[in-house]
Amino acid sequence: MDWQVAAALPTGLSEEQAAFREAARDFALAQLAPHAAHWDATSEFPREAIAHAGELGFCGLYVDEGAGGSGMTRLDAAIVFEELAAVDPSTAAFISIHNMATWMLTAHAGEAVRAQWGAALASGRRLASYCLTEPGAGSDAASLRTRAVRDGDHYVINGAKAFISGAGSTDMLVVMARTGVEGARGISAFAVPADSDGIAYGRKEEKMGWNSQPTRGIAFQDVRVPAQNLLGREGDGFKIAMKGLDGGRLNIASCSLGAAQGALDAARRYMGERRQFGKKLAEFQALQFKLADMATQLVASRQMVHTAARKVDSGSSDATVWCAMAKRFATDAGFAICNEALQIHGGYGYMREYPIERLLRDCRVHQILEGTNEIMRVIIARHLLNTDEELR
């Protein structure tokens, strides 16, 4: 992959950010690109490669340095995730989810839990899963049924989670469970060691994409968790989950940018090599226009994601709606760009010999997870209808 267009990120990046981008690109080319197709074909979870990512600081990108992380901004993280996803969206997406769960734990755990788990997670020596979705609570996350009941110095957790990335292969679960009334106000968050007694993992789901990371359901039966493993206070769980998802939506949007960049580069390269009717594909104006539209969509998406990241970094009051807009726009555009790149490749794009079909399969789920794009529209519309604040 030549990644010539990848060098044309928006101007205004600092020297430090340019260095992050270069380090992420070098890591992706050396550690992910040679193996991504094999991991996809064999459904192998590349823990060793993820540990190498942790050695570079990529497993705790926006975790505070005091908790063992890299202390980077959300914009810095977006730049890194895009570069990783340009060759392997599936592994990059897991690293992004691990970052989200690690940040939630280190930002809200008590001193003892943070000391025990923070550096281990931020370094990639241990991995984390984010456990919100349930069989009966997907988009309607506030209706979750998993319950945690206080029992002396412990909480006892019962319930089930669904579609959990990394489940069965990670070491820490950040779990949302109901401790109080119905609705969002009754939800709390817990740091639950993944090998706790009473936890059972379901079968590994067979998926369209994201095959380098396992996805399983989790059952909790009388799982005892020390009270000190409560994140924040009782009733803070939904707020913690939603704050985590602001960053998670930026992360997944950035992974869509990466998949789109990888697909665009492959399409450019293919158009320069493939000949039909005595001419290179690059000489056909219809395909030139298609490529131009793909590049324009990608740059527009990148600008929106980076603007949303800056909103989060500055603590802007409208950061959540900007994250929703960026996630909706970039994941839709990313899939469309991959699809157009596959079309340019013709029948070859459908073959596993080329990376296009894998990029397409891996980025399709981005329109569903971290809140479906329909829910992103709900968030945006509510902001527009229920506030006088302008989106600028």
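Report on the accompanying structure. (Residues numbered from 1 in each chain as written. Predicted model: local features only at pLDDT ≥ 70, side-chain atom pairs only at ≥ 80, totals over all residues. Heavy atoms only, no water.)

### Focus on the pairing of strand β1 (residues 128-131)
- Residues of β1 alternate between two faces, with A128 and Y130 on one and S129 and C131 on the opposite face, all of them buried.
- In this structure, β1 lies alongside strand β4 (residues 172-178), joined through 4 bridges in parallel fashion. Counterpart to Y130 in the pairing with β4 is V174. (Buried < 20%, exposed > 50% of the residue type's maximum accessible area, 1.4 Å probe, protein only. Helix = DSSP H or I, 4+ residues; strand = E, 2+ residues; numbered from the N terminus. Pairing = 2+ DSSP bridges.)

### As for the nonpolar core
- Judged by nonpolar contacts, the single largest core of 59 residues is most densely connected at L84, Y130 and M176.
- Sorting elements by how many residues they give to this core places helix α5 (residues 89-108) first, with 10 residues.
- Discounting chain neighbours no more than four positions away, the residues touching M176 are M104, Y130, C131, L132, L144, T146, K161, I187, S188, A189, G237 and A241.
- Of all hydrophobic cores here, the second largest spans 42 residues; its members include A263, Y270, L298 and L360. (Core = buried A, V, L, I, M, F, W, Y, C linked by side-chain atoms within 4.5 Å. Contact = heavy atoms within 4.5 Å.)

### What to know about the packing of aromatic side chains
- Summed over all chains, the structure comprises 6 aromatic pairs.
- Consider the rings of F27 and F58, whose centres lie 6.0 Å apart with planes at 80 degrees: the pair is edge-to-face. Of the two residues, F27 sits in helix α1 (residues 15-32) while F58 sits in the loop between α3 (47-55) and α4 (74-85), which places them 31 residues apart along the sequence.
- The class for F58 is buried, based on a relative accessible area of 4%.
- Where Y348 meets Y354, the ring centres are 5.7 Å apart and the plane angle is 55 degrees; that geometry is what we call tilted.
- The rings of Y270, Y348 and Y354 are connected pair by pair, giving a single aromatic cluster.
- In this structure, R74 is placed above the aromatic ring of Y62, and the distance from its NZ or CZ to the ring centre is 3.8 Å.
- The ring of F284 carries the charged tip of K279 above its face, separated from the ring centre by 4.5 Å. (Phe/Tyr/Trp six-rings, centres within 6.5 Å; stacked < 30°, edge-to-face > 60°. Lys NZ or Arg CZ within 6 Å of the ring centre and 35° of its normal.)

### Remarks on unusual backbone geometry
- One non-glycine residue, F163, lies in the positive phi region at around 60 degrees.
- Here F163 lies in strand β3 (residues 154-165).
- Located in the positive-phi region is D222, a residue other than glycine, with phi close to 50 degrees.
- Positionally, D222 belongs in strand β7 (residues 215-226).
- According to the relative accessible area criterion, D222 is partly exposed, its value standing at 47%.

### Some points on the environment of H383
- Residue placement: H383 occurs in helix α11 (residues 373-386).
- With relative accessibility at 14%, the residue H383 sits in the buried group.
- In this structure, the C-alpha to C-alpha distance between H383 and T320, residues 63 residues apart in sequence, is 9.5 Å.
- With residues near it in sequence (within four places) discarded, H383 still touches D318, V321, E389 and L391.

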